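Commentary on secondary and tertiary structure
So you can see what is in the structure, the chains are spelled out below.
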Amino acid sequence: MSLFLHYLSLPYLLEGIELTLQVTALGLGGGLILGLVLAWMQLSRFWLPAALARGYAVIFRGTPLILQMVFAYDALPHIGIKLPAVLAAGLALACNEAPFIAEMLRAGVLGVDRGQVSAGQALGMTPAVLMRRVIAPQAIRTMIPAFGNESVSALKNSSLASVIAVQELTLRGTQLASSTFDFFSIFFASGLLYLLLTGAVSAIQLGLEWLLDLDRTTRARRLTDYLPWRRVDLTAKLAFSEKAPLAAEAVAQPEIMPPARLLTRAERAKRAATIARNNVAVAVKDLHKNYGAQAVLGGLDLTVRIGEVVALLGPSGSGKSTLLRCINHLEDWDSGTVRVGGRRLGFRDDGKRLSPQAVANERASVGVGMVFQQFNLFSHLSAKENVAGPLRWVHGMTRLDADRRACELLDRVGLSHRAHALPRHLSGGQQQRVAIARALAPNPSVLLLDEPTSALDPELVTEVLEVIRRLAIDDGLTMIISTHQIRFADEVADRVAFLSAGSILEEGPAHEVLTHPRHPLTARFLSVMQADKALEAVR
Amino acid sequence: MRKWLSREARQASLPWRKALTGAIIAAGFLSPAIAQAAAPAGCAALQAKYPGWKGKTLVNAVNPHTPGYEAIDPKDPSKYVGFDIDLGEQIGECLGFTLTYKPVVFAALLTTLASGQADIVISDIYATKERAKAADFITYSKVFDGVLVAKGNPKKITGINTSMCGAAAAENTGFVEVPLVQDLMPKCKAEGKPEPTLQLYENNANCIQAILAGRADTYVNDVNTVDQAVKANPDKLEKAIAVTIPYSVGIAVPKDKPEFRDAVMAALIEIQKAGIHMDLLKKWELDVNNFKEPDILSAD
């Protein structure tokens with residue numbers, strides 16, 4: 001025991017820690033930089049960098065670190081690169097860590113909900129802004145445990161530097177054992193030193209998880225919750241705490257707005273006449289799109305005038321969502337044109353395709369807002385930041401102006417009291433109202449709504465429809481809504497278009513089409529939807 | 001430190017050893033005197049003849065797992081000590097250069113030299129024709145090997161011969177003893193006995209641990225190393241026998257620097273003439289029969 005304590009406090013071994021840490025730091029730091037480059041290459045739109053990065057991973061992930069160490073130390077000098085031992089070890093460790101870190105980064109990036117990426121694109125974020133503001137903050141949070149793992153592994157792997165004469169902890173331990181024959185005391189001592197180092201890494205990891213825990217700021221999440229013996233289910237506790245404010249709110253706040261008034265028949269006719277004189281907001285001509293062999297859109301034409309509300313009806317898979325996603329160029333198509341406000345979104349005047357960055361800028365300047373079926377709020381940002389953030393990042397507003405605008409819009413959708421809540425602490429209906437506020441914030445010329453109530457529980461549908469109804473009737477906003485809510489379409493839409501198999505079977509004034517469909521498919525679809533309603537009423 | 005003292009105490013219990021220990025301690029005190037003694041007279045002429053290394057700091061690659069030849073000083077682990085270390089310092093002093101040390105595994109000694117990461121290797125390495133393909137050698141010591149076995153020699157091993165058939169031999173990767181054991185395999189087969197098995201380790205301490213743990217039956221290495229191991233574990237280990245093997249120990253230098261090789265050889269001759277080589281053998285308790293006048297071994 002006394003020998004063990006003697007070696008544990010021996011300055012010779014303690015000095016080895018310094019070199020161990022140097023090699024580890026070089027390996028992790030270099031690996032992170034190289035890993036970022038590799039991950040970026042793999043996620044690139046172009047095949048060559050992706051292939052090169054893949055090839056690098058095959059080589060450096062597929063060969064033992066000990067060989068890479070010896071290579072960096074003994075082979076590189078033959079081509080004139082004679083690195084000091086610590087640098088050679090750091091280089092080898094960095095090259096070896098890079099593909100692992102790259103895969104972590106790639107998994108983190110790909111793990112971020114695609115819907116949020118679409119939402120960011122629809123808001124006009126360039127790929128760089130999207131990465132920095134939406135993807136990276138969420139990816140980093142999910143990557144911390146993996147990065148903690150990787151750090152511990154790098155720390156232990158640094159012991160292989162002993163083969164190339166780096167006087168780190170392991171090499172010092174073995175040399176000392178050779179000259180004193182106190183094999184086990186020395187190895188237990190250096191083992192404990194390694195444990196202290198890796199323990200420190202674990203502590204840093206837990207600390208970071210706590211620091212970046214989104215619930216730390218909104219709720220009392222204590223650092224001690226992360227201690228291994230505290231059996232706090234980090235997710236269950238959230239679900240529980242979420243209920244409380246919701247219940248309180250339901251009592252305190254008899255839900256918001258009085259229902260919008262319905263238009264009379266005469267008002268409708270007047271409105272139709274006004275709209276007919278307006279300019280064209282969206283013009284879709286002969287749009288074709290295939291997924292593989294299957295045609296999704298087959299020569300679709302649609303014209304929407306300023307101030308007009310068009311409801312897209314039709315069975316699932318009829319192309320409603322694809323059409324909406326083509327209108328703001330979230331998806332490519334095979335032939336045909338889409339013009340918004342007279343401009344071909346995503347193409348130069350001569351028909352050449354624009355870069356993703358240029359498309360993003362154009363989306364922002366033309367102003368096509370989009371509301372998604374799954375809300376797609378940025379889950380790491382509060383309700384207010386979801387609205388204010390894009391205004392700052394895309395439209396260059398000051399924080400003050402953006403916050404003021406966000407508050408104003410949240411107030412309009414009846415959610416000013418939940419401005420600081422995270423999306424996951426909001427009900428579906430509330431989330432969709434925030435999403436609508438976010439889409440409205442930059443004053444879009446057209447708002448696209450893709451089945452905005454389909455993902456909601458029935459009792460939450462009304463609050464969302466109410467918001468949309470107000471936008472149509474009070475604000476005169478141009479909207480294209482895909483929906484299964486027949487009655488809502490009847491009340492809100494000026495025109496209804498019935499899609500089937502990627503083209504419009506029938507379109508016309510909403511009330512007319514819905515009450516007197518001409519096409520047998522439309523009639524059948526409407527009667528099925530009506531029957532569903534009846535069933536639900538019985539239940 | 002504690003262990004070091006207790007070992008000395010143990011030695012002191014035997015009267016004749018006591019005297020010897022006293023001599024060693026005295027030699028230990030004298031060692032700085034040897035190291036700092038003015039270089040042999042001929043060295044001034046050598047520095048004039050070979051001025052290229054004067055004032056330089058060269059790197060000596062060592063496998064510091066061989067107490068007596070090269071190992072860290074248990075009293076001050078920041079230093080390397082042993083016969084080879086002293087000899088290297090003497091050569092440096094004679095030619096006017098100083099040495100720093102780079103500890104590597106045994107099998108990496110010559111690669112480290114060849115890649116230019118080291119300038120010289122003085123690390124109890126046996127000069128063989130095979131190895132001379134990678135470096136030039138200046139031989140300076142004869143080789144006596146010891147056969148280390150567990151106390152009582154349960155397998156009755158009598159040398160590197162068919163008594164090793166069926167035994168497990170621990171060896172260092174890259175040691176010349178490895179092919180000697182391998183050569184036994186067909187001989188054992190011819191006698192209808194099981195072949196010996198080889199366990200390759202990275203250093204001396206691991207080979208000795210293999211016997212202590214009962215994983216290996218024998219470890220053949222330089223006789224002094226074997227003696228040191230027995231001294232450290234007198235209840236568990238013993239030397240079965242000492243054998244001579246047909247090699248010499250050599251200083252390895254890069255093949256493309258013949259002038260450096262000649263300078264080192266000339267310095268070694270001066271050191272031997274001044275009696276320093278013999279003093280160092282005594283200081284480190286090595287058999288004076290190891291002494292050998294230098295020769296050069298290089299590839300044909």
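So, how was this worked out
- Residues numbered from 1 in each chain as written.
- Chains lettered and ligands numbered in written order.
- Predicted model: local features only at pLDDT ≥ 70, side-chain atom pairs only at ≥ 80, totals over all residues.
- Helix = DSSP H or I, 4+ residues; strand = E, 2+ residues; numbered from the N terminus.
- Contact = placed C-beta atoms within 7 Å.
- Rg over C-alpha atoms; globule rule 2.2 N^0.38 Å.
- Buried ≥ 20, exposed ≤ 12 C-beta atoms within 10 Å, placed from the backbone.
- Expected span 1.5 Å × (residues − 1).
- Bend = angle between axes of the 7 residues up to and from the residue.
- pLDDT = per-residue confidence, 0-100.
- Pairing = 2+ DSSP bridges.
- Axes fitted to C-alpha atoms, helices over the stretch in contact; angles between N-to-C directions.
- Domains from an automatic or database assignment.
- Nonpolar A, V, L, I, M, F, W, Y, C, P; charged D, E, K, R; others polar.
- Core = buried A, V, L, I, M, F, W, Y, C linked by C-beta atoms within 7 Å.
- Parallel < 35°, antiparallel > 145°, perpendicular 65-115°, else oblique.
- Left-handed = near helix turned anticlockwise from the far one by under 90°.

Here we look at the overall build of chain B
- Along its length, chain B carries 10 helices and 12 strands.
- A separation of at least 24 residues holds for 74% of the contacts in chain B among residues at least 6 apart in sequence.

Considering the overall build of chain A
- In terms of regular secondary structure, chain A is built from 21 helices and 10 strands.
- For 539 residues, the compact-globule formula gives about 24 Å, and the C-alpha radius of gyration of chain A, at 30 Å, lies well above that figure.
- Counting over 539 residues, chain A shows a buried share of 42%.
- For chain A, long-range pairs separated by at least 24 residues make up 70% of all intrachain contacts whose partners lie at least 6 apart in sequence.

Some points on helix 7 (residues 127-157) of chain A
All names here are of chain A.
- Helix length check: helix 7, at 31 residues, gives a terminal C-alpha distance of 36 Å against a target of 45 Å (1.5 Å per residue), a shortfall beyond 12%.
- The largest bend in helix 7 is about 45°, located at Ile 135, with the proline Pro 137 one to four residues further on.
- Among the residues of helix 7, Leu 130, Arg 133, Val 134, Ile 135, Gln 138, Glu 150, Ser 151, Ala 154, Leu 155 and Asn 157 are the ones counted as buried.
- Residues of helix 7 that are buried sit in contact with helix 2 (11-42), helix 4 (65-75), helix 5 (85-111), helix 6 (114-122), helix 9 (183-212) and helix 15 (383-395).

Examining the confidence of the model for chain A
- Chain-level statistics for chain A give a pLDDT mean of 87 and a share of 90% at 70 or above.
- Taken together, the stretch residues 535-539 of chain A has pLDDT below 50 and engages in zero contacts with residues farther than four places along the chain or on a different chain.

Digging into the sheet that holds strand 4 (residues 76-81) of chain B
- With respect to topology, three strands assemble into an open sheet ordered 2-3-4 (chain B), the strand pairing being antiparallel. Of all strands in the sheet, those bounded by a partner on one side alone are strand 2 (65-66) and strand 4 of chain B.
- Of the pairings in the sheet, the one linking strand 3 (residues 70-73) of chain B to strand 4 of chain B comprises three bridges and is antiparallel in character. When the sheet's bridge partners are listed, Ala71(B) is paired in strand 4 of chain B with Val81(B).
- Its contacts with the sheet place helix 8 (residues 169-180) of chain A against strand 2, strand 3 and strand 4 of chain B, and it is angled at close to 100° to strand 3 of chain B.

Concerning the sheet that holds strand 8 (residues 478-482) of chain A
All names here are of chain A.
- If you trace the six strands from one edge of the open sheet to the other, you get 6-7-8-3-9-10, paired in mixed fashion. Of all the strands in the sheet, the pair left with one neighbour each is strand 6 (368-371) and strand 10 (503-509). Neighbour-to-neighbour, the strand axes of this sheet turn through a mean angle of 15°, independent of strand direction.
- Of the strands in this sheet, strand 6 and strand 7 (446-450) touch helix 17 (residues 428-440), which is tilted by about 175° from strand 6.

Considerations on the domain arrangement of chain B
Residue and element names in this part refer to chain B.
- Segmenting chain B into domains produces domain 1 (2-143 + 248-297) and domain 2 (144-246).
- Listed per partner, the contact involves 14 residues of domain 1 and 17 residues of domain 2.
- Put simply, the parts of the chain that give the side of domain 1 that touches domain 2 at least two residues each are strand 2, strand 6 (121-127) and strand 7 (136-150).

Considerations on the environment of Glu15(A)
Residues and elements named next belong to chain A.
- Along the chain, Glu 15 falls in helix 2.
- By C-beta crowding, Glu 15 is classed as partly exposed, having 16 other C-beta atoms within 10 Å.
- Distance in space between the C-alpha atoms of Glu 15 and Gly 80 is 31 Å, their sequence separation being 65 residues.

Focus: the interface of chain A and chain B
- If you look at the interface, chain A gives 23 residues, while chain B gives 26 residues.
- Elements supplying a minimum of two residues to the side of chain A that touches chain B: helix 1 (2-8), helix 4 and helix 8 of chain A.
- Ranked by residues supplied to the side of chain A that touches chain B, first place goes to helix 8 of chain A with eight residues.
- Looking at the side of chain A that touches chain B, its residues break down into 11 nonpolar, nine polar and three charged.

Quick look at helix 9 (residues 258-273) of chain B
All names here are of chain B.
- In this model, helix 9 (16 residues) spans 23 Å end to end at C-alpha, consistent with the 22 Å of a helix rising 1.5 Å per residue.
- Turning to helix 9, its buried residues number three or more, namely Arg 261, Ala 263, Val 264, Ala 266, Ala 267, Leu 268, Glu 270 and Ile 271.
- Gly 275 sits one or two residues past helix 9 and shows a positive phi near 80°.

A short note on the nonpolar core
- The biggest cluster of nonpolar side chains holds 210 residues, and the ones touching the most others in it are Met69(A), Ile164(A), Val121(B) and Ala267(B).
- The element that contributes the greatest number of residues to this core is helix 5 of chain A, accounting for 14 residues.
- In contact with Ile164(A), other than residues within four places in its own chain, are Met69(A), Val70(A), Tyr73(A), Ala85(A), Ala88(A) and Ala89(A).

Points about the packing of helix 2 of chain A against helix 5 of chain A
Residue and element names in this part refer to chain A.
- At a minimum axis separation of 5 Å, helix 2 and helix 5 run at an interaxial angle of 40°. Overall, the two elements helix 2 and helix 5 adopt an arrangement that is oblique. For the pair helix 2 and helix 5, the crossing hand works out as right-handed.
- Its residues placed into classes, the contact of helix 2 with helix 5 shows 20 nonpolar, seven polar and two charged.

As for the confidence of the model for chain B
Residues and elements named next belong to chain B.
- Of the residues in chain B, 87% reach a pLDDT of 70 or more, and the chain-wide mean stands at 86.
- Across chain B, strand 1 (residues 57-62) holds the top mean pLDDT of 96, while helix 1 (residues 2-12) sits lowest at 39.
- Contacts for the low-pLDDT stretch residues 1-36, under 50 throughout, to residues beyond four places or in other chains number 23 contacts.
- Scoring the predicted complex yields pTM 0.78 and, for the interface, ipTM 0.73.

Description of the environment of Trp393(A)
Residues and elements named next belong to chain A.
- Looking at the secondary structure, you find Trp 393 in helix 15.
- Of the residues examined, Trp 393 has 21 C-beta atoms within 10 Å and is grouped as buried.
- Residues Trp 393 and Thr 126, spaced 267 residues apart in sequence, show a C-alpha to C-alpha distance of 9.5 Å.
- In this view, Trp 393 contacts Met 125, Val 129 and Arg 133; residues no more than four positions away in its chain are not counted.

Quick look at unusual backbone geometry
Residues and elements named next belong to chain A.
- Non-glycine residue Asp 286 carries a positive phi angle of around 50°.
- Positive phi, close to 60°, is recorded for His 329, a residue that is not glycine.
- With respect to the helices, strands and loops of the structure, His 329 is situated in the loop between helix 13 (320-327) and strand 4 (335-340).
- Under the C-beta neighbour-count criterion, His 329 is labelled buried, with 24 such atoms within 10 Å.

Quick look at the domain arrangement of chain A
All names here are of chain A.
- Taken domain by domain, chain A comprises domain 1 (7-212) and domain 2 (279-378 + 448-538).
- On a C-alpha basis, the centres of domain 1 and domain 2 stand 49 Å from each other.
- Taken together, the contacts link 11 residues of domain 1 with 13 residues of domain 2.
- Those elements giving two or more residues to the side of domain 1 that touches domain 2 turn out to be helix 6 and helix 7.

Here's the deal with the pairing of strand 6 of chain A
Residue and element names in this part refer to chain A.
- Alternating positions in strand 6 separate into two faces, Val 368 and Met 370 on one and Gly 369 and Val 371 on the other, with burial throughout.
- Where strand 6 meets strand 7, four bridges bridge the pair, whose relative direction is parallel. Looking at the pairing, Val 371 lines up with Leu 449 of strand 7.

Side note on the packing of helix 2 of chain A against helix 8 of chain A
Residues and elements named next belong to chain A.
- Where helix 2 contacts helix 8, the two axes come as close as 7 Å, and the packing angle between them is 150°. By the angle between their axes, helix 2 is roughly antiparallel relative to helix 8. Counting all contacts with helix 2, which are made through Tyr 12, Leu 13, Gly 16, Ile 17 and Thr 20, the residues of helix 8 involved are Leu 169, Arg 172, Gly 173 and Leu 176.

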